[in-house]
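The residues making up each chain are set out below.
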Amino acid sequence: MSSIFVQSKLNYIMLDNTLFENTEIAFKLKSDSELERAYFLFKMISNQPLVRIGTAATNFALKAHLPVEGLIRATVFDHFCGGVNEEDCLPVIDKMYTAGVCSVLDYSVEGKAIENQFDSAKEKIMKLVEFSDEKEAMPIVVFKPTGLGRFFLFQKKGEGKAFTEAEQQEWDRVVARYHAICKLAKERDVEVLIDGEESWMQDAADDLAEDMMKVYNTDKPIVYNTLQTYRHDRLAFLKASHERAKSGGYLLGYKIVRGAYMEKERERANDKGYESPICKDKITTDKNFNDCLLYILNNLSTISIFIGTHNEESSFLALKLMDDLGISKDDNRVWFGQLFGMSDHISFNLAAHGYNVAKYLPFGPVKDVMPYLIRRAEENTSVAGQTGRELTLLKKERKRRKQS
């Protein structure tokens, strides 16, 4: 058992993490073979050189059309993904829902860059909205801004540079795709999370997300933007957004995360000679995340939140704040979320205690989802303690099952 101290207003509160120690609840949906596979995968991921070699070898094998998709599907894909299409995900969705954990289907195909692919992605997401409307276990959908338009376009828009006539028409189509998804989501009462991406395209994505909130968040939050709190400017951004929303008479929705592009952000800032937008260290990032969490929960009447974290201390802080502020465990304005295949000790123990929990459930063709899976492996090796914590809990559950 470990303890943390969090500063809330003027008082220091001590919390312990016994809530997340129950591995029987955390892994009750995993068979013995699935538990062993999870242990094997995290053991592999804990070795950074092995991850680099494995990533390079996998990329080579797929590009060379070697018959490795079956092996990938049986190991890393099935651990971190729900399936190759929506229907393929249904058994996983239904199984998790028996434990009170909802699913956010995430079409995790990346790197597309032409108009018909963006139109296809829009149709896919709208299908997911309709799919979610039919299943209580799927109250939320998600998409990436660059799934609906070129990265370059977002970057140029955010930099305030003038579009050519063709680029303006292209941007208008991006906006139309956003509206089509958000309009349907409002009609079907399905919440939409818009993921965050790299900082040099995010200004335009933020503006567009806010435009959607003005239109579709008048009665209740439908559209949620993402705050990547490893950026040191996000609390100020949140407060400014809140002031605009109060003046404009609409509600805010925010998913808060620490972030997913740290190394890329620092490298670009260094190459181009500008100050990195990333917090100087993990302690500062943690404080920034927790400050955003505190601000939103103190303003829950006008801002709803999806708490996307694998961090136990931030999860405890959220629970403590909810208790202090009299926010009920099942208040639909507060959701907790983790990635499928990770931090089951947080997800399933929170759900067992009555909190709103949803797992991000990636899906898509094996080859197309590989960039996502590679990023998952690389992030696990770079997050201090994450893989070690997973392994410790998996070992504990293996031992418990053998003894029982």
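Look above for the structure.
Note on numbering: residues in each chain are counted from 1, in written sequence order. Owing to the predicted nature of the model, reporting of local features is limited to residues with pLDDT of at least 70; listing and counting of side-chain atom pairs is limited to 80 or more, with chain, interface and lining totals taken over all residues. Heavy atoms from the whole structure form the basis of all side-chain values; hydrogens and water molecules are not counted.

A. Focus on unusual backbone geometry. One non-glycine residue with positive phi stands out, namely Asp-189, at about 55°. We classify Asp-189 as partly exposed; its relative accessible area is 45%. Phi is positive for Ser-343, close to 50°, though the residue is something other than glycine. Put simply, DSSP H or I for four residues or longer makes a helix, DSSP E for two residues or longer makes a strand, and each gets a number counted from the N terminus. Of note, Ser-343 is situated in the loop between strand S9 (334–339) and helix H14 (344–352). The cut-offs for exposure are 20% and 50% of the maximum accessible area for each residue type, with area from a 1.4 Å probe on protein chains only; residues under the lower value are buried, those over the upper are exposed, and the others partly exposed.

B. Up close: helix H11 (residues 262–272). For H11, the set of buried residues is Glu-265, Arg-268 and Ala-269. End-on view of H11: buried residues confined to an arc of 100°, all on one side of the axis. In H11, the exposed positions angled more than 90 degrees off the buried face are occupied by Asn-270 and Asp-271. At its buried positions, H11 is contacted by helix H7 (151–158) and helix H9 (199–216). Downstream of H11 by a residue or two, Gly-273 has a phi angle that is positive, lying close to 75°. To obtain the arc, one takes the directions from the helix axis to the C-beta atoms. Contacts are residue-level and defined by heavy atoms, with any inter-residue pair within 4.5 Å sufficient.

C. Looking closely at the side chain of Thr-226. Structurally, Thr-226 can be placed in strand S6 (residues 223–228). On the accessibility criterion, Thr-226 (3% relative accessible area) is buried. Engagement of the side chain of Thr-226 in a polar contact is seen with the backbone oxygen of Ile-194, the distance being 2.6 Å. When near neighbours in sequence (up to four residues on either side) are disregarded, Thr-226 contacts Ile-194, Asp-195, Gly-196, Tyr-254, Lys-255 and Val-257. Throughout this description, a polar contact denotes any pair of N or O atoms lying within 3.5 Å of each other; where both atoms belong to protein, one of them has to be capable of donating a hydrogen while the other can accept it, and for residues adjacent in sequence the pair is counted only when both atoms sit in side chains.

D. Up close: the packing of aromatic side chains. Here a pair means two rings of Phe, Tyr or Trp (six-membered ring of Trp) with centres within 6.5 Å. Their orientation is stacked below 30 degrees between planes, edge-to-face above 60, and tilted elsewhere. Taken as a whole and assessed by the stated rule, the structure comprises ten aromatic pairs. Where Phe-143 meets Tyr-178, the ring centres are 5.1 Å apart and the plane angle is 90°; that geometry is what we call edge-to-face. Pair noted here: Phe-143 is in strand S4 (residues 140–143) and Tyr-178 is in helix H8 (residues 165–188), with a separation of 35 residues, a long-range link. Judged by its relative accessible area of 3%, Phe-143 falls in the buried class. Judged by centre distance (6.5 Å) and plane angle (75°), the rings of Phe-237 and Tyr-254 are edge-to-face. With Phe-237 in helix H10 (residues 234–248) and Tyr-254 in strand S7 (residues 252–257), this pair connects stretches of sequence that are 17 residues apart. These aromatic residues form a ring-pair network of at least three members: Phe-154, Phe-163 and Trp-171. Geometrically, a lysine NZ or arginine CZ counts as sitting over a ring once it is within 6 Å of the ring centre and also within 35 degrees of the ring normal. A cation sits over an aromatic face here: Lys-124 above Tyr-107, 5.2 Å from the ring centre. Cation over ring: Arg-234 sits above Phe-237, and NZ or CZ is 4.2 Å from the ring centre.

E. Representation of the environment of Arg-401. Inspection of the secondary structure puts Arg-401 in helix H16 (residues 386–403). Each C-alpha atom of the pair Arg-401 and Pro-145 lies 44 Å from the other, and the pair is 256 residues apart in sequence. When sequence neighbours within four positions are dropped, the list of residues in contact with Arg-401 reads Phe-27, Lys-30, Ser-31, Asp-32 and Leu-35. At 2.8 Å, the side chain of Arg-401 forms a polar contact with the backbone oxygen of Phe-27.

F. Local environment of the packing of helix H5 (residues 86–97) against helix H6 (residues 115–133). To get an axis, a line is fitted to the C-alpha atoms, and for a helix only the part in contact is used. The angle between two axes follows their N-to-C directions and goes from 0 to 180 degrees. Put simply, H5 and H6 touch, their axes get as near as 13 Å, and they point 35° apart. Along this stretch, H5 crosses H6, giving a crossing that reads as right-handed. Of H6, the residues touching H5 (which contributes Glu-86, Glu-87 and Leu-90) are Lys-124, Lys-127, Leu-128 and Phe-131. Throughout, the ten residues Ala, Val, Leu, Ile, Met, Phe, Trp, Tyr, Cys and Pro are labelled nonpolar, Asp, Glu, Lys and Arg are labelled charged, and all others, Gly among them, are labelled polar. Tallied by class, residues from the contact of H5 with H6 come to three nonpolar, no polar and four charged. Crossing handedness: left-handed means the near helix sits turned counterclockwise from the far one by under a right angle, and right-handed means the same turn made clockwise.

Note that all results are geometric; they support no functional claim without further evidence.
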